[in-house]
Amino acid sequence: MKTFKPKAWVLPQPVLIIGTYDKDGVPNAMNAAWGGQWDENEIMISMGSHATTVNLNLCGDFTVTFATKETMVESDYVGIVSAKNEPEKIAKTGWNVAKAECVNAPVFTDFPMTLECRIKEKYNESDTGYYIVAEILNIVVNEEYLAEDGKPDVEKMNLITFDPVHHNYLQLGEKVGKAFSIGAQVKQKK
């Protein structure tokens, strides 16, 4: 086996699009990969020093959506261009924007699913950013991405993940097994 020095190589890494409003109510978005589920109804995100961080300091409300194969180009764009330098950032994406139902933040309706969140706690605040734990107050899903049981159908969403090793985006694939069930095969071995 080959060894490597420690790197940010936890896999898979989501491609999260964080939506906020600036002080004038203008929608903004950024691309973040270092985040995940914190608790049943909470998420955690590592925030650097961005226009989004400034917006979060003004109002702790934000949305999180998940980049897809169809939104990949624009999702990458909002990660490489700052609203500090490009005031027409969201207009250039062509994304449709609506106001969230439960928080003061934008929903980018071109994405399959959006979490409406509010900061609960900040950790390790410094000039370079901070970590946030946020409560999920509402989840909105475009109806075309619902399964027959009325719940979100992740396979229909064409979600992508970030490959931190080679700096690529990879599309998540198809279902390969049933969680909390398939392991019973091992229990049955003699």
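Here the structure is a predicted model, which is why all the values come from computation and not from measurement. (Residues numbered from 1 in each chain as written. Predicted model: local features only at pLDDT ≥ 70, side-chain atom pairs only at ≥ 80, totals over all residues. Heavy atoms only, no water.)

Chemist: Can you explain the overall build of the protein? Please cite residues and give values.
Modeler: The helix and strand tally for the protein stands at four helices and twelve strands. In summary, the protein has a C-alpha radius of gyration of 18 Å against a globular reference of 16 Å for 190 residues, a match within 12%. The principal-axis extents of the C-alpha atoms in the protein amount to approximately 65 × 45 × 30 Å. Within the protein, the proportion of its 190 residues that are buried is 37%. Looking at the protein, you have 19 positive and 26 negative side-chain charges, and the mean spots of the two groups are 9 Å apart. (Helix = DSSP H or I, 4+ residues; strand = E, 2+ residues; numbered from the N terminus. Rg over C-alpha atoms; globule rule 2.2 N^0.38 Å. Buried < 20%, exposed > 50% of the residue type's maximum accessible area, 1.4 Å probe, protein only. Lys, Arg positive; Asp, Glu negative; His and termini not counted. Charge placed at Lys NZ, Arg CZ, Asp CG, Glu CD.)

Chemist: Before we move on, could you go through the layout of surface pockets and cite the residues and values that matter?
Modeler: Gaps between atoms show up when a probe of the same size as a water molecule is rolled over them. Volume-wise, the largest pocket comes out at about 690 Å³. Put simply, the parts of the chain that give the lining of the largest pocket at least two residues each are strand 1 (13-14), strand 4 (35-39), strand 5 (42-47), strand 6 (61-66), strand 9 (113-126), strand 10 (129-141) and strand 11 (160-163). Across the lining of the largest pocket, the residue classes break down as 20 nonpolar, six polar and two charged. Approximately 490 Å³ is the volume found for the second largest pocket. Met 30, Asn 31, Ala 32, His 50 and Gly 79 are the residues nearest the centre of the second largest pocket, which is lined by 26 residues in total. (1 Å grid on protein atoms, 1.4 Å probe; cavity = no way out; pocket = protein on both sides within 12 Å on 5 of 7 lines; lining within 4 Å. Points joined across faces, edges and corners; volume = space filled by probe spheres on them. Nonpolar A, V, L, I, M, F, W, Y, C, P; charged D, E, K, R; others polar.)

Chemist: Before we move on, could you go through the sheet that holds strand 10 and cite the residues and values that matter?
Modeler: Read across the open sheet, the seven strands follow the order 3-2-6-9-10-5-4; overall the sheet is antiparallel. Each having just a single partner strand, strand 3 (27-32) and strand 4 make up the two edges of the open sheet. The sheet shows a mean angle of 35° between the axes of neighbouring strands, taken without regard to direction. Bridge count for strand 9 against strand 10 is eleven bridges, and the pairing is antiparallel. Across the sheet, residue Cys 117 finds its bridge partner in strand 10, namely Ile 136. Set on the sheet, helix 2 (residues 72-80) makes contact with strand 2 (16-21) and strand 3; between it and strand 3 the angle comes to about 95°. (Pairing = 2+ DSSP bridges. Axes fitted to C-alpha atoms, helices over the stretch in contact; angles between N-to-C directions. Contact = heavy atoms within 4.5 Å.)

Chemist: Describe the pairing of strand 3, and please don't skip the residues or the numbers.
Modeler: Most of strand 3 sits inside the fold, with five of its six residues counted as buried. Where strand 2 meets strand 3, six bridges bridge the pair, whose relative direction is antiparallel. Bridged to Gly 19 within strand 3 is Ala 29.

Chemist: Lay out the side chain of Glu 86 with the relevant residues and their values.
Modeler: Relative to the helices and strands, Glu 86 resides in the loop between helix 2 and helix 3 (89-93). Only 2.9 Å separates the side chain of Glu 86 from the backbone nitrogen of Glu 88, close enough to count as a polar contact. A distance of 3.2 Å separates polar atoms of two side chains, one belonging to Glu 86 and the other to Lys 92. Setting aside residues no more than four positions away along its own chain, Glu 86 makes contact with Tyr 77, Val 81 and Lys 92. (Polar contact = N/O pair within 3.5 Å; in protein donor to acceptor, adjacent residues only side chain to side chain.)

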